[in-house]
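Overview (structure and organization)
So you can see what is in the structure, the chains are spelled out below.
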Amino acid sequence: MGEGRSTIWPRVRLLVEGSVSLVFPPHCDICHKPLVDRASPVCVPCIAAMPLVGRDYCRRCGAVQGEYVGVISTCHYCERETKGFGVDQVVAAGMYEQGFDKLVKALKFGRRRALATLASAWLAQLVLDRGVETDIVVAVPLGRERFWRRGFNQAELIARQLAARIGKPYASGVLKRTRETPPQAQQAQEQRAGNVRGAFKTGRRAGMVEDKRVLLVDDVMTTGATLREAALALKRAGAKEIAGAVVAR
Ligand SMILES: [Zn+2]
């Protein structure tokens with residue numbers, strides 16, 4: 001794969017897609033009904049039906065906790081997950097259901113990049129509400145092949161806008177994905193951790209996270225294996241603290 005091909009083609013494709021969306025009227029990216037408010041990619045009823053994680057969340061992985069506010073600090077998953085996630089805490093906008101699953105799929109596979117605006121707004125709100133201290137924002141990278149095929153990294157789209165919303169710098173080129181991991185949904189947890197082990201190395205701008213509090217952004221956290229590996233690479237680069245931010249847990 002030539003260097004020119006891998007950088008120019010994604011940009012051309014984005015331009016073409018942008019022109020198409022000007023010609024056809026917008027529909028809600030989740031229920032596909034016509035949009036009244038063109039400023040949002042998702043209609044008001046769909047947004048209203050998506051429960052954001054509120055005050056009642058797992059302090060470790062960001063999952064919704066049930067009704068015991070302030071009683072249990074970590075969820076049942078984290079009680080079993082003894083390795084942790086390599087991060088000090090995780091901020092999740094929602095659970096991977098109730099519309100958040102559709103939103104992530106539409107962003108990633110349906111190429112509905114405007115959804116990153118909505119996702120970044122939710123995450124920025126939660127990061128500020130919870131007082132998560134951050135110096136710099138980093139996205140979990142895609143491998144070259146997957147990036148070339150998709151034309152964009154959904155985590156990077158979210159991370160850039162999230163950084164702007166909370167007034168912190170976004171750093172690209174900090175992490176590199178050394179190899180692709182197979183689509184993970186269908187894999188067992190153990191297999192999954194093995195697949196992603198050592199999948200990240202630090203990039204040419206890794207020095208930017210040295211002694212910094214990093215907000216590490218991804219679209220989805222499933223077992224936490226990807227987040228953990230990316231966090232370990234950041235720690236090797238000297239990151240002081242790391243918080244994860246994901247659209248769906
Ligand atoms: Zn948890």
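Heads up: the structure comes first, above all this text.
In this text the structure is predicted, and so the values were computed from the model without any measurement.

As for the coordination of the zinc ion
Coordination sphere of the zinc ion, protein contribution only: Cys58 (SG), Cys61 (SG), Cys75 (SG) and Cys78 (SG), at 2.2 to 2.4 Å. Metal-centred angles of 103 to 116° between the four donor atoms at the zinc ion mark the site as tetrahedral. Ordering the donors of the zinc ion by residue number gives the pattern C-x2-C-x13-C-x2-C. One end of the pair, cysteine 61, is in the loop between helix H2 (44-48) and helix H3 (76-80); the other, cysteine 78, is in helix H3, with 17 residues separating them in the sequence. The pair cysteine 61 / cysteine 78 is uniform in exposure class, with both members buried.

Description of the pattern of salt bridges
When the charged atoms of two side chains with opposite charge come close together, those side chains can pair. In the structure shown here, the tally under the stated rule is seven salt bridges. The partner of arginine 160 in a salt bridge is glutamate 156, with the nearest N and O atoms 2.9 Å apart. Here arginine 160 pairs with glutamate 156, and both are found in helix H7 (residues 154-166), just four residues apart, close to one helical turn. Taking the relative accessible area as the measure of exposure, arginine 160 reaches 42% and is therefore partly exposed. Relative accessible area serves as the criterion here: at 22%, glutamate 156 is assigned to the partly exposed category. In this structure, a network of salt bridges that share partners links the residues Glu133, Asp135 and Arg213.

Here we look at the packing of helix H5 (residues 115-129) against H7
Two elements in contact, H5 and H7, have axes whose closest approach is 8 Å; the angle formed by their N-to-C orientations is 45°. By the angle class used here, H5 and H7 are oblique. Classified by chirality, the crossing of H7 by H5 is right-handed. Note on element contacts: H7 touches H5 through Leu157, Ile158, Gln161, Leu162, Arg165 and Ile166, opposite Ala116, Thr117, Ala119, Ser120, Ala121, Leu123, Ala124, Val127 and Leu128. Here the contact of H5 with H7 is built from residues that sort into eleven nonpolar, three polar and one charged.

Observations regarding a nonpolar patch on the surface
Taken together, the side chains of Ile8, Trp9, Val12 and Val16 define a hydrophobic patch exposed on the protein surface, amounting to about 360 Å² of accessible area. Within the element layout of this structure, isoleucine 8 appears in helix H1 (residues 3-23). The exposure class assigned to isoleucine 8 is exposed, which follows from its relative accessible area of 53%.

Looking at the sheet that holds strand E2 (residues 136-139)
Spatial strand order, E1-E6-E5-E2: four strands in an open sheet with parallel pairing. Both outer strands of the open sheet, strand E1 (89-94) and E2, are each paired with one neighbouring strand and no more. The average undirected angle you get between the axes of adjacent strands in this sheet is 25°. Bridging between E1 and strand E6 (residues 241-248) involves five bridges; their strand directions are parallel.

Topic: the pairing of E2
The side-chain alternation of E2 yields two buried faces, one formed by Ile136 and Val138 and the other by Val137 and Ala139. Relative to strand E5 (residues 213-220), E2 runs parallel, the two sharing four bridges. Directly across from isoleucine 136, in E5, lies its bridge partner valine 214.

What about the side chain of aspartate 219?
Examined against the element boundaries, aspartate 219 turns out to sit in strand E5. Judged by relative accessible area, aspartate 219 falls into the buried class, the value being 5%.

Notes on the environment of alanine 206
Among the structural elements, alanine 206 can be located in the loop between strand E4 (200-202) and E5. In this structure alanine 206 comes out as buried when scored by relative accessible area, which is 11%.

A closer look at the environment of arginine 13
With respect to the helices and strands, arginine 13 occurs in helix H1. Distance in space between the C-alpha atoms of arginine 13 and glycine 151 is 7.3 Å, their sequence separation being 138 residues. Setting aside its immediate chain neighbours within four residues, arginine 13 contacts Arg111, Trp148, Arg149, Arg150 and Gly151.

Thresholds, definitions, all that
- Note that residues are indexed from 1 along each chain, following the sequence as it is written.
- Local features in this predicted model are restricted to residues whose pLDDT is 70 or higher, and side-chain atom pairs enter the listing and the counts only when it is 80 or higher, whereas totals over whole chains, interfaces and linings include all residues.
- Hydrogens and water are ignored here; the side-chain numbers use all heavy atoms of the structure.
- Listed donor atoms are N, O and S within 2.8 Å of the metal (Na, K and Ca: 3.2 Å). As water is not included, a site may look incomplete.
- Each label reflects the angles at the metal, where four donors whose angles all fall between 85 and 135 degrees are tetrahedral, four or six donors whose opposite pairs open beyond 155 degrees and whose other angles stay between 65 and 115 are square planar or octahedral respectively, and the rest are irregular.
- Under the scheme used here, helices are H or I runs from DSSP no shorter than 4 residues and strands are E runs no shorter than 2 residues, and both carry numbers assigned from the N terminus.
- When accessible area is computed with a 1.4 Å probe and restricted to protein chains, residues below 20% of their type maximum are described as buried, those above 50% as exposed, and intermediate ones as partly exposed.
- The rule for a salt bridge is simple: a side-chain nitrogen of Lys or Arg has to be within 4 Å of a carboxyl oxygen of Asp or Glu.
- Whenever a helix is involved, its axis is fitted only over the stretch in contact; in every case the axis is a line through C-alpha atoms, and angles between N-to-C directions fall within 0 to 180 degrees.
- Should an angle lie under 35 degrees it is considered roughly parallel, over 145 roughly antiparallel, and from 65 to 115 roughly perpendicular; all remaining angles are considered oblique.
- Crossings are sorted by hand: turned counterclockwise from the far helix by less than a right angle, the near helix makes the crossing left-handed, and turned clockwise it makes it right-handed.
- The criterion used for residue contact is that any of the two residues' heavy atoms lie within 4.5 Å.
- For this scheme, ten residues count as nonpolar: Ala, Val, Leu, Ile, Met, Phe, Trp, Tyr, Cys and Pro. Four count as charged, namely Asp, Glu, Lys and Arg, and the remainder, Gly too, count as polar.
- Patch rule: a residue counts if its relative accessible area is over 30% and it has no salt bridge; like charges are joined within 9 Å, and nonpolar side chains (Val, Leu, Ile, Met, Phe, Trp, Tyr) within 5 Å.
- With residues, only the protein chains shown are counted as cover, and all accessible areas are computed by Shrake-Rupley using a 1.4 Å probe.
- Between any two strands, pairing holds if DSSP finds at least two bridges.

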